[in-house]
Amino acid sequence: MAANVPMNGEHGWIAFGEKLRTVRDGLQWCVGDWLNYGEDTYGEEHAQGVDAEHWEPRTICNYANVCRAFPYARRRATLPFSHHAAVYTLPQKDQERLLDHAERECWSEKTLRKAARGAKAGKLHQKTVDWIERVVLIHPEHKKEVSDVLDGLREKGWVR
């Protein structure tokens, strides 16, 4: 490779590595958009028939899902594909909030994934609280016990 690509010293070598990273991130978007276009234009059965010998199905399916969750206008040029992939399963409002933090605070993918898991857990905990409160409506005689349990969970920070 070195014989075919002029590196122009250490700085040229580093710059070339940065270009490769950019190409890699762009390629993930291109493959996902390509797969979605094929599915939308030619049907899901064609997209599922993509040559599995040359493409890892789970990987390109993930690319397609991230691209569908982030149409071109919502993609952050300052963040790599992996950051978008970390939040694509969240509601759009949470995606935007976490990507805003990632941009502003220069979060790593690992930090963003941890925040995304926390956002998912918070939603799950809130659903649990909602369910418990519905039980109280059905069985008001247990209101005091349920209230005490919820207060304990809130004190521990497990629910809001």
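To keep things clear, this report deals only with the structure shown in the data block. Owing to the predicted nature of the structure, the values given are computational and were not obtained by experimental measurement.

What counts, and at which threshold
- Residues numbered from 1 in each chain as written.
- Predicted model: local features only at pLDDT ≥ 70, side-chain atom pairs only at ≥ 80, totals over all residues.
- Heavy atoms only, no water.
- Helix = DSSP H or I, 4+ residues; strand = E, 2+ residues; numbered from the N terminus.
- Expected span 1.5 Å × (residues − 1).
- Buried < 20%, exposed > 50% of the residue type's maximum accessible area, 1.4 Å probe, protein only.
- Patch = residues over 30% accessible without salt bridge, like charges linked within 9 Å, V, L, I, M, F, W, Y side chains within 5 Å.
- Areas by Shrake-Rupley, 256 points an atom, 1.4 Å probe, with all protein chains shown as cover.
- Salt bridge = Lys/Arg side-chain N within 4 Å of Asp/Glu carboxyl O.
- Lys, Arg positive; Asp, Glu negative; His and termini not counted.
- Charge placed at Lys NZ, Arg CZ, Asp CG, Glu CD.
- Core = buried A, V, L, I, M, F, W, Y, C linked by side-chain atoms within 4.5 Å.
- Contact = heavy atoms within 4.5 Å.

## Overview of helix α1 (residues 9–42)
Every α-helical turn comprises 3.6 residues, leaving residues that sit three or four positions apart pointing alike. The end-to-end C-alpha distance of α1 is 48 Å, a good match for the 50 Å that 34 residues give at a rise of 1.5 Å each. Within α1 the residues assigned to the buried category are D25, Q28, W29, V31, G32, L35, N36 and G38. In the stretch just after α1, G43 is the one whose phi turns positive, near 105°.

## Re a positive patch on the surface
Together, K110, K114, R117 and K120 make up a positively charged patch on the protein surface. Turning to its location among the elements, K120 is positioned in helix α6 (residues 109–138). Residue classification places K120 among the partly exposed residues on the basis of a relative accessible area of 40%.

## Quick look at the nonpolar core
Membership of the largest hydrophobic core comes to 23 residues, with the highest contact counts inside it found for F81, V87, L98 and L112. When contributions to this core are tallied by element, the ones reaching two or more residues are α1, α3 (57–69), α4 (81–87), α5 (92–105) and α6. Tallying contributions element by element places α3 first for this core, with five residues. Among all residues touching F81, those that are not within four sequence positions of it are D25, Q28, W29, Y63, V66 and C67.

## Digging into the pattern of salt bridges
Evaluated as defined, the whole model comprises nine salt bridges. The partner of E39 in a salt bridge is R68, with the nearest N and O atoms 4.0 Å apart. Of this pair, E39 sits in helix α1 while R68 sits in helix α3; the two residues are 29 residues apart in sequence, bridging distant segments of the chain. A relative accessible area of 41% places R68 in the partly exposed class. E96 is the partner of R76 in a salt bridge, and the nearest nitrogen-oxygen pair spans 2.6 Å. Taken as a pair, R76 in the loop between α3 and α4 and E96 in helix α5 lie far apart in primary sequence, 20 residues in all. With relative accessibility at 23%, the residue E96 sits in the partly exposed group. Connected through shared salt-bridge partners, R74, R76, E96, D100 and E103 make up one network.

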